[in-house]
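# Structural overview
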Amino acid sequence: MSMSLNDYLRAQPFLRGTKNACGEGGCGACAVIISRPGGQNIGSCTNNCLAVNSCLRPLASLHGWSVKTIEGIRHKSQGAALQQQFSRLNASQCGFCTPGMVMSLSAQFANDKGVDTKGRAFTKASLARSLDGNLCRCTGYRPILDAAESLVSPEESIADLEDVVEQLKCLKPTSCAHDSRSDREGGPQNGSAGIQDDVCDSAALNSCASHFEGFCLEDKEGARWYQPRDLAQFWSVLGRHPAATVLCGNTGRSGVYKQDKEEDLALAALDENLALANSVMVSLQDVVELQGHSWDAATGWLDIGAGLTLSELLLLVGNLPEDAFSSHVLRDTIISHLSRVAGTLVRNAGTLGGNLYMAKSKNFDSDLSTLLGGLEAVVHVVGGPRQKEEELSWLEYLNQGNAHENNVETARRDILTRIRLRLKTPHTGTLSDVFQSYRAALRKGNSHAFANAAFRASVNVATGKLENICLCIGALGMPALRAIETEKAWLQGSAESVAVHEDAFEQATLEAALLALRMEIAPAHKTRYRYRVDLLSSFLYKFFLYVKDRVFQASPSLRSSTAATSPLSARLRSAAIAPEKHVALADTEQTYTRRWMEKVPQVSRDVQNDANSSSSTSGGQNDHLPHVPLPKDYQGFQASGEAEYVSDVLEREGTVYAAYVKSPRSVGVLADLRTAAAKALPGVVYVLTAADIPGSNDSAFSLGPPDSVAPDTVFVPLGGRVLFHSQPLALVVGISSEVARRAAKLVEAVFEGFEAPIVSIGDAREARSLMGIRDCVKRGDASSVLAAARLEHENGDPESGLGGELRFMEGKVRAGFQKHFYLETHTAYAIPDEGRMLIYSSTQAPQAVQEVVARVLGTPMNTVQVKMRRAGGAFGAKATRNLPHAAAAAVAAKVLRRPVRLTLDRATDMQLTGSRHAMEADYAVAYNSATGLIEAVKCEIWLNGGFCADLSFTPCHDLAANLEQAYFIPNFDASIEVLRTNLPTSTAMRGPGVVQASFIIESILDNVAARLGSHFTPEEVRRVNFFRQDEKGEGASSSMMSTGCLHMPATPVSHFTLPIIWNKLTSSANLEKRREDAHSFNRANRWRKRGVAMTPVKFLSSLMPMQATVNAYPDGSILIHHGGCEIGQGIHAKSALVALRALAKVGVLAPPTLDMIQFADTNTDIIPNGGFTAASTTSERACAAIDAACQELVNRLKPLRDRLLRNKENALSPANSLEGTGHDGDGPDGGDRPSPSISWVELIRSALSFRESMDLCCHAQWRPEPASHYHNYGAGLSEVEIDVLTGEVVLRAAHLLYDCGKSINPVVDLGQVEGAFVQGLGFFLMEEALIASDGVLQSPGTWDYKPPLLPDMPSEWKVALLENGNFDKGFLSSKASGEPPLILSTSAMMAVRHAVVAARTEIFGVGSEAINNFRLDAPATPERIHRACAASMGRLSLNGTAGERAWLDESPLHQVDVAVAGAGLGGLALAIALDKLGLSAGLFERAAALRDVSQGLVGVTPNGLRALELIDPRLKDFLMERGKYNTEAFTKTVDEEGKITERYVQFEANNVSIPWADIQHSLARLVPRSMIHCSHDFAGFDECEDHVTIYFKNRVETARAALLVGVDGLFSVVRKGLVPIPEGRGDEVCESGHTNWNAIMNPGEASLPYPHPVVSLTYQKEEPPRFFFMIECGHGRILWQVRVDDPGKAFTVAPKKGHGRLGLTGVKQRILDLVKDVPDVQPYIAATPEENIFERCLLFRKSLQRYSSPGRRVVLLGDAAHAMHSVRGQGANMTFEDAHCLGLALAAKGVGPAAVRVFERARIPRANLVQWESNTYYKRQFEKNTSHTWALKFLNFQSYVADFHKHEALPAHLL
Ligand SMILES: Cc1cc2nc3c(=O)[nH]c(=O)nc-3n(C[C@H](O)[C@H](O)[C@H](O)COP(=O)(O)OP(=O)(O)OC[C@H]3O[C@@H](n4cnc5c(N)ncnc54)[C@H](O)[C@@H]3O)c2cc1C
Ligand code: FES
Ligand code: FES
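Residues numbered from 1 in each chain as written. Chains lettered and ligands numbered in written order. Predicted model: local features only at pLDDT ≥ 70, side-chain atom pairs only at ≥ 80, totals over all residues. Heavy atoms only, no water.

### Section: the sheet that holds strand β20 (residues 587-591)
Cut-off, in case you're wondering: Strands are treated as partners if at least two bridges between them are detected by DSSP. Under the scheme used here, helices are H or I runs from DSSP no shorter than 4 residues and strands are E runs no shorter than 2 residues, and both carry numbers assigned from the N terminus. Axis lines are fitted through C-alpha atoms, for helices just across the contact stretch, and the angle between N-to-C directions can take any value from 0 to 180 degrees.
Strand order across the open sheet formed by five strands is β20-β46-β45-β44-β38, with mixed pairing between neighbours. In the strand order of this sheet, the two ends are held by β20 and β38 (1088-1101), each with one partner. For this sheet, the mean angle separating the axes of adjacent strands, direction not counted, is 10°. Pairing analysis gives six bridges linking strand β45 (residues 1289-1299) to strand β46 (residues 1356-1361), with the strands arranged parallel. In the sheet register, His1295 faces β46, and the bridge partner there is Lys1358.

Following this line, the structure appears as structure tokens:
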């Protein structure tokens, strides 16, 4: 019963046009159109045709419905105009998304005709909206939208549109379930699917009298589908099947919770309850009580059935009369909010009830829930404990405790029946109803929110008084809630003041509300904690300003009299007022040179049409073929869904299906595989393991150096090592994919021992985990120049200009992993055939498949045949990453002697396939401040290579070879090292290495430009550094030689067209004006900023050999074979033109036409050794080989032609000679003039006649000239706008100019340019592969991984190919277009940087160096942009200027960039310094410090005051202003000997003393509630059976422990919510009051107000086992959990009562004792040499870092400093200098090589540092303990930093 419509369709041999690319509603490739009986009547509109995701739609739910698939609206011949436009306008590249696109658009055309019968109501925006759930990875969407628009543009015949509508007419819904059979009569081939007999009508609830009578279906296995018609029936079914699964649209169950569903289905074999749940399904979709709607004009209430879909609600709201709403703003806000929920396809099926129920039962981050909360909706609920329907406020109901779904005991689970909304408040008069909703997400469409909010306020416009507010926030991993405290804080501003309306909108009120919000919310999400909190502050700020603005607008009488109603400044309106709507692709233009179309009328009518209609400029100097814009899908098969992909190949009889058993660990030795449960599952055929492999268990195909190649096992053998998470361990083969997948989940893997994985670049560098693949480039002497520059920079005074012109700069660049995300996942179909093996593989390298399969089978290569017709996208991942899958399928086929199909689901594909290499680079630059010339660059670059070499040499080498990009830098020194980690192997991806190279070098150029000031724009700096040209326009130099694995020789920078491109684009894109406009915009808008940037590309392309075979048949038709693979790049569309051109040279009257040319599948039996389809040049190479083969054919035919002509002429007139017949070389391209008398077909027939018996199968191998590398050039301009408050970005404009040489097929090349650019946008702006520090991919699907969608496209997009007829290197003067244009997207990243700079200028002030001191890693997600803008809460003010207190910013842990541990001297110093660098810093030490900070108090040592004065006198003033300086020591710190070592002084604001209850309360808000519980049950150190704890009593020990676990870990505890609270504890313990640990530990000191934090360590038996660190912060306890993956014996760490004062040695001994029987833990603790405590700490830290928080850089100070001392055994406190030194050193860790600048910003002369370094007193102190080199390192700043870098291991996802 769980069969989806998609599974059903794809199981039909002729219905495979409907694709499956994700199976979770995230891509739209599976879209079909369904129609329900009677249609949907919403208001005045009837929607008959619904485009939905067939992958989410249960087949059974369509009983009685009609379904239209792409097959039902085939090609032009059948009247489908839309498909024809798709193929005509080149809107299909790989074509995998195309059927889905066509279906989505068709539904809209068919439905929306109500607006305008002629369809003219369609706008680009409305068409784009219908595609907001359809993903295309190839095209850049522009041609798709063009194709849609072409049907409705006034120039086109409207008849075409009517065609589309007509096509859908046959969707005649049936009135009764039985009638659906009539749909089947035509058979599924006609694209209208009906429901099969075998699922129909048994045990009907009612005897199926009518569809609406309710029914039940039963399948062969006895699983049932109930579709009751009313609630009575529903309860009756549920009464009989209490465990049944209840669903409605099924988008939640199969989409949002797909993994859970699959897990459930698998476990159903073992769990009776789950089996029951899955065998009975009850659908709510026809329940009458859940349908319909009504609107009461009198009361303003809208009543909606919970069974309505989101689309229906949207329609409904849109159709209500204007006066149904308080204002049109309310209506627009609701519509705009709902339009951003999922995509159209999901909205068409997902219901309100389903969405809300998920919010209730699973804490789903619902947008609807928050919206309803803000609208103060009420819901009707029935069931559960209630016996009758009840009306409840939505938020009340939501927060009432969880509903447990499908629980037997709650058979009467809650059902939401109706939702009631008041859209208009009854009181009008003076009250104004203000409503706004907000959300921020990674992507504009189909992307769930990071946080959302819906705010409503009632304002008395007469008085300006705020009467009422409702602030609802959500998407925080917990139920949406009303921020009651915040509402109070805001309203209090109103209520407590005399002049009410004045205070409601004052800065103080805003601050109070923001602070209250900050204290009130604690997102339950483990990720992006701080960002989410910041977002909510931003939303509140926006709303605050919006309401203020509205009051001003609505209350003219108040304007002059009150401050509150002063106008909002225009600058601030940028926060309050929604920006002008971004309309993607509103203005597009594609330009290329028109060639010789009119002379080749026979090419095709479409080409002709296209050429005529294109916005071509005229060129015309090469008036011959090819150079013709022949669209890629010129045969239209892709658009019609007829194109066959590997997963569509019809299965042979007896085919079985396979699924992997994946490793649950990232690293470890596989001890056993328990397969019994899997084998027992019905339908399982075999479980294949490494032992079954007949040949070599190695699928590696690496061209790297031999020492880098490690085996890439097909399956990890028993006793073998797993090297990455999800690595295949075995293959389950079953009678269906579903059976195989379920069974695979039942296989249990057992491991020996435990190892921590190496995940990040930091990990790998620390462990020296190298791949053996490295490269370097060198020119001149960079080191010397850099040394000179550094000296000059430091000694000179740049401002006075006395110090020379050389300047020095350092920086760091980081980019993350990018997934290929081709739409067709990896797939292989292996068919054994008389000792041979036929493999269909979705590949870019059939030869590699052949080689690997032969190796694995242990057979010769000639027994393996590999075939492929086309791949649904590849982008590099199908060069080698498909090999293991082909090998696995082949082994299974061989063992089982039957065909085996292996198709990876999306999650498995993403887990196994790896990605583009993550990169980290440190650079140093010397530049000339007068000329802007870069004098020297030195770079150290690391790439994360994953577990094996694979193709890592490619990015490594390409990065080296392209690092300099377009710039001639005389002194250059770069090294690139690939690191080995426990991740799936990184592999080649479009532009491998080059996009990283561009990012590094353009960041350098940008940073230099920023430091040069206003007399140089970044573009000028770029231009002056270009390769110089000689008088012939050639670059004067060669590119650098890389000396790594490929030893690529230096390539001359020839045909250097970049300066021309640069100048052209500067003027065509209006760079100067655009920049000016952006400046003006930025000046006028405080919270929205624009950035404009232009960047070049220089890309080295290499050519490799290629073969082709051309066969001519007697009818004149031609079949071409070549070694390239069609992966969407249009290789055939180029090759066809080349073949036409070459064959035309035969000189006949009617040369072959396009329709006479066919391309055969790529096939290793026919074209062996074809190599890789890669490096962008395969099309050129194929063209060259085809040209050569055709030439051979022509050469063979020409003598015959001459003979035939002669015969003919002789026959006609013996007197005639050959002269004047046309074969004299005067024809096009040197060919002969057409003969007047011989046709092509005639010639071929004669050649194949018995008499001639000519061989017309011509084969050619084309080889490039030696060193035939060439450079590609282009430039891109991007203009972006960011929302500073959310970090969201829109691409306003993109202008691209690319030199394609003489393009063979301009329309195909343009498509490549656009598609590549968009893929680059994904890399730079939104595609973030999140990998946890345990190596587990956190984003294995469309829910978390977001490639760009149509709404993300630029609004203005102009793309042009350079007219360049002078390139004489490539084939027919053409150049590659597949990869180089991707690099143009660097311009978007740089534009974002510029916008961020504009935002930072507002904060730091013009001229401040802090403006440019920030790092923006790729992808620049909204979170990163927001952080880089440094727009934290303290900066949200009403005057639009930076808040004074920004550095302090009431910082709870989660608000800051850098958490500074230790609110002492060093901490304060550091906080200021960091703030000046633009990083927000929070001071944290203990609960006490938290309290202080949150209350505006700061504890500071006397030394601290000195430091503050030294650093920034304003700081001391600030503190003095804040409170009374109380010199009385109120607390103290004692060292281990009990000596008082430190006294604190306190600033106390207005002498307010804060009761503990408040502190507890505030902490409870800072720390997720579940994590705080008081230890009232604590009674010493009891050793329980399963839980004993060591308590670190005093500060030094605490600090030690903190270091041990890593303070960053400590903080992440706060953020991540990992701690399970034992049953029955939680709130109850939280309320039980605070335990003063000091009182327990030191009874004499019980009165101390600041108890020290206590850290405890617990290891608890669990499955899997876990490690806990428990940090007691005064009254609260925070647990830190560490998972140890293997089951182990329970052990606990337990000092006996009174052992609290364990020294480190004691602790260690204790731990050793306790863990000696636990092998898993051994390596962490016992195996570490005792002396090397720091290493031990690091080991701990590394394991614990797996849970460290993303993005947080933590500086250890204060306690950490103590810890350092303790580690050294000194026990002394840090002093000002060394604490400061340490702080700054560690700050340097956070901000990279800008460390020195920390001193500069802090105005600490560097000389002081030197002084500290040579301070003999401290030296002596440290030297006393020479056994610890750390002591000395403390004194040596440089080496300390270096050392820290060595040890540092940052979370992988940052890489
Ligand atoms: C790709 C994708 C993107 C999405 N993006 C967003 C987004 O951005 N924002 C957002 O808010 N949502 C988003 N969603 C969620 C989507 O809105 C919900 O999946 C949908 O509304 C659920 O409705 P359904 O009828 O399909 O529920 P089902 O999947 O059928 O059911 C879900 C649960 O609700 C229960 N249920 C259904 N109806 C009722 C009822 N009337 N009373 C009680 N229980 C009921 C079912 O028993 C089940 O437990 C997205 C979903 C997908 C697949
Ligand atoms: S396959 Fe259905 S949405 Fe992706
Ligand atoms: S053409 Fe759209 S995904 Fe390939």
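Now that the structure has been shown, we can carry on.
### Regarding the nonpolar core
Heads up, the condition is: The nonpolar core is taken to be a set of buried Ala, Val, Leu, Ile, Met, Phe, Trp, Tyr and Cys residues, with the residues joined through side-chain atoms within 4.5 Å. For every residue, the accessible area obtained with a 1.4 Å probe (protein chains only) is divided by the maximum for its type, and the residue is called buried under 20%, exposed over 50%, and partly exposed between those limits. Residue contacts follow a heavy-atom distance rule, with two residues in contact if any of their heavy atoms lie within 4.5 Å.
Counting 271 residues, the largest nonpolar core has Phe86, Trp490, Phe543, Val547, Leu731, Ile839 and Ile1000 as its most contacted members. Top contributing element to this core by residue count: helix α21 (residues 529-554), with 14 residues. Other than its neighbours up to four places away in sequence, Leu731 contacts Ala658, Ala659, Tyr660, Tyr686, Val687, Leu688, Phe715, Ala888, Ala892 and Leu902. Among the nonpolar cores identified, the runner-up in size contains 57 residues, and Cys248, Leu352, Ala359 and Leu368 belong to it.

### Let's talk about the pattern of salt bridges
Close approach of charged atoms lets side chains of opposite charge pair. Heads up, the condition is: Salt-bridge detection follows one rule: a side-chain nitrogen of Lys or Arg within 4 Å of a carboxyl oxygen of Asp or Glu.
Following the criterion strictly, the structure yields 76 salt bridges and no others. In this structure, the salt-bridge partner of Lys812 is Glu920, at a minimum N-O distance of 3.4 Å. Separated by 108 residues along the polypeptide, Lys812 in strand β30 (residues 806-815) and Glu920 in strand β35 (residues 918-928) bring together distant segments of the chain. Here the two residues Lys812 and Glu920 agree in accessibility, since each one is buried. Its salt-bridge partner being Arg1022, residue Glu1002 comes within 2.6 Å of it at the nearest N-O pair. A residue pair is termed long-range when its members are at least 10 positions apart, and Glu1002 in helix α34 (residues 994-1012) and Arg1022 in helix α35 (residues 1018-1025) qualify at 20 residues. With relative accessibility at 0%, the residue Glu1002 sits in the buried group.

### Topic: a negative patch on the surface
Formally: Any residue with relative accessible area above 30% and no salt bridge may belong to a patch, with like charges joined within 9 Å and the nonpolar Val, Leu, Ile, Met, Phe, Trp and Tyr side chains within 5 Å. Per-residue and other accessible areas follow the Shrake-Rupley method at a 1.4 Å probe size, with only the shown protein chains counted as cover for residues. The positive count covers Lys and Arg only, the negative count covers Asp and Glu only, and His and the chain ends enter neither. To locate a charge, the coordinates of NZ of Lys, CZ of Arg, CG of Asp or CD of Glu are taken.
Together, Asp260, Glu263, Asp264, Asp271 and Glu272 make up a region of like negative charge exposed at the surface. Among the elements that take part in the negative patch, helix α10 (residues 258-267) stands out by supplying three residues, more than any other. Within the element layout of this structure, Asp264 appears in helix α10.

### With respect to the environment of Thr1401
Secondary-structure assignment places Thr1401 in helix α42 (residues 1386-1404). With relative accessibility at 24%, the residue Thr1401 sits in the partly exposed group. In contact with Thr1401, other than residues within four places in its own chain, are Val1406 and Ile1411.

### Overview of the pairing of strand β13 (residues 378-382)
Here β13 lies mainly inside the structure; five of its five residues are buried. Burial of β13 is two-sided: the residues Val378, His380 and Val382 facing one way and the residues Val379 and Val381 facing the other way are all buried. Bridge analysis of β13 against strand β14 (residues 390-393) gives four bridges, and the strand direction is antiparallel. Across the sheet, residue Val381 finds its bridge partner in β14, namely Glu390.

### Examining helix α41 (residues 1306-1326)
Spacing of three or four residues puts side chains on the same side of an α-helix, whose turn is 3.6 residues. Keep this limit in mind: Take the number of residues in a helix, subtract one, and multiply by 1.5 Å to get its expected span.
With 21 residues, α41 should cover 30 Å at 1.5 Å per step; its first-to-last C-alpha distance of 29 Å lies within 8% of that length. For α41, the tally of buried residues reaches 21 of 21 residues, placing the bulk of the element in the interior.

### Topic: the packing of aromatic side chains
Threshold: Two aromatic rings from Phe, Tyr or Trp, using only the six-membered ring of Trp, form a pair when their centres are within 6.5 Å; if the ring planes differ by under 30 degrees the pair is stacked, by over 60 it is edge-to-face, and anything between is tilted. Throughout this description, the term charge over a ring refers to an Arg CZ or Lys NZ atom that lies within 6 Å of the ring centre and within 35 degrees of the ring normal.
For the structure on display, the rule yields 27 aromatic pairs. Ring geometry for Phe450 versus Tyr531: centroids 5.4 Å apart, planes at 70°, classification edge-to-face. Remark: Tyr531 occurs in helix α21 and Phe450 occurs in strand β17 (residues 449-460); sequence separation between them is 81 residues. Tyr531 sits in the buried class, given a relative accessible area of 3%. Ring centres of Phe1323 and Phe1324 lie 4.8 Å apart, and the angle between their planes is 70°; this geometry places the pair in the edge-to-face category. Of the two residues, Phe1323 and Phe1324, neither departs from the other in class, the shared state being buried. Ring pairing ties together the aromatic residues Tyr967, Phe968, Phe1026, Phe1027, Phe1056, Trp1062 and Tyr1273, which thus form one cluster. We note Arg765 situated over the ring of Trp942; from NZ or CZ to the ring centre the distance is 3.6 Å. Here Arg1090 stacks its cationic end above the ring of Phe1081, 3.6 Å away from the centre of that ring.

### Observations regarding the sheet that holds strand β43 (residues 1257-1262)
Spatially, four strands are ordered β41-β40-β39-β43 in an open sheet, and the strand pairing comes out mixed. Two strands close off the open sheet at either side, each with one partner strand: β41 (1157-1159) and β43. When the angles between neighbouring strand axes are averaged without regard to direction, this sheet yields 20°. Pairing analysis gives five bridges linking strand β39 (residues 1106-1112) to strand β40 (residues 1118-1122), with the strands arranged antiparallel. From the neighbouring strand, Ala1112 faces β40, where its bridge partner is Ile1118. Contacts from helix α38 (residues 1131-1144) reach β40 and β41, with the element oriented near 140° to β41.

### Focus: the environment of Lys444
Just so we agree on the cut-off: We call two N or O atoms a polar contact when they sit within 3.5 Å, provided that within protein one can donate a hydrogen and the other can accept it, with sequence-adjacent residues counted only if both atoms are side-chain atoms.
Its location among the elements puts Lys444 in the loop between β16 (431-441) and β17. You can call Lys444 partly exposed: its relative accessible area is 25%. For the pair Lys444 and Val1289, spaced 845 residues apart in the sequence, the C-alpha separation amounts to 9.1 Å. Ignoring sequence-local partners within four residues, the contact set of Lys444 consists of Arg340, His582, Val1289, Val1290, Pro1351 and Asp1352. Here Val1289 takes part through its backbone oxygen, which lies 2.8 Å from a polar atom of the side chain of Lys444.

### Notes on the packing of α34 against α42
Stated precisely, the cut-off is as follows: The sense of a crossing depends on the near helix, which, turned anticlockwise from the far helix by less than a right angle, makes the crossing left-handed and, turned clockwise, makes it right-handed.
With their axes 10 Å apart at the nearest point, α34 and α42 run at an angle of 35° to one another. The crossing of α34 and α42 is right-handed. For the pair α34 and α42, contact is made by Ser998, Phe999, Glu1002, Ser1003, Asp1006 and Asn1007 and by Thr1386, Met1389, Met1390, Arg1393 and His1394, respectively.

### Focus: the confidence of the model for the chain
Stated formally: On a scale of 0 to 100, pLDDT captures the predictor's confidence in every residue.
For the chain, mean pLDDT is 72; residues scoring 70 or higher make up 64% of the total. Considering only residues more than four positions removed or in separate chains, one finds that residues 170-212, a stretch of pLDDT under 50, has 103 contacts. Residue range residues 595-623 is modelled with pLDDT below 50. Its contacts to residues more than four positions away, or to other chains, number 68 contacts.

### Digging into unusual backbone geometry
In the segment running from Ala1418 into Pro1419, the intervening peptide bond is cis, with an omega of 0°. By the element assignment, Pro1419 lies in the loop between α42 and α43 (1422-1428). Its identity is not glycine, yet Glu376 carries a phi of approximately 55°, on the positive side. Along the polypeptide, Glu376 turns up in the loop between α16 (367-374) and β13. Of note in this structure, Gln965 is not a glycine but carries a positive phi near 50°. As for its placement among the helices and strands, Gln965 is situated in the loop between α33 (953-962) and β37 (971-979).

### Some words on helix α15 (residues 352-362)
Counting buried positions over the 11 residues of α15 gives nine, a clear majority of the element. Taken as a whole, α15 has its buried residues at Leu352, Gly353, Asn355, Leu356, Tyr357, Met358, Ala359, Lys360 and Ser361. Considering only its buried residues, α15 is in contact with α9 (251-256), β12 (301-305), α12 (310-319), α16, α17 (394-398) and β15 (415-422).

### Examining the packing of α10 against helix α26 (residues 737-746)
A pair of packed helices is characterised by two quantities: the angle between their axes and the separation of those axes. Filter applied, for reference: With respect to orientation, any angle under 35 degrees is reported as roughly parallel, any angle over 145 as roughly antiparallel, any angle of 65 to 115 as roughly perpendicular, and every other angle as oblique. Each residue receives one of three labels: charged for Asp, Glu, Lys and Arg, nonpolar for Ala, Val, Leu, Ile, Met, Phe, Trp, Tyr, Cys and Pro, and polar for the others, Gly being one of them.
As a packed pair, α10 and α26 sit with axes 8 Å apart at the nearest point and diverge in direction by 80°. Taken as axis vectors, α10 and α26 run roughly perpendicular relative to one another. Packed against α10, whose contacting residues are Glu262, Glu263, Leu265, Ala266 and Leu267, the element α26 presents Glu738, Arg741, Arg742, Lys745 and Leu746 at the interface. Residues belonging to the contact of α10 with α26 are distributed by class as follows: four nonpolar, no polar and six charged.

### Thoughts on the environment of Ala223
By secondary structure assignment, the location of Ala223 is in the loop between β7 (215-218) and β8 (224-227). Classification of Ala223 as buried rests on a relative accessible area of 8%. Sequence separation of Ala223 and Val280 is 57 residues, and the distance between their C-alpha atoms is 5.8 Å. Leave out the neighbours within four places in its chain, and Ala223 touches Met1, Leu217, Glu218 and Ser279.

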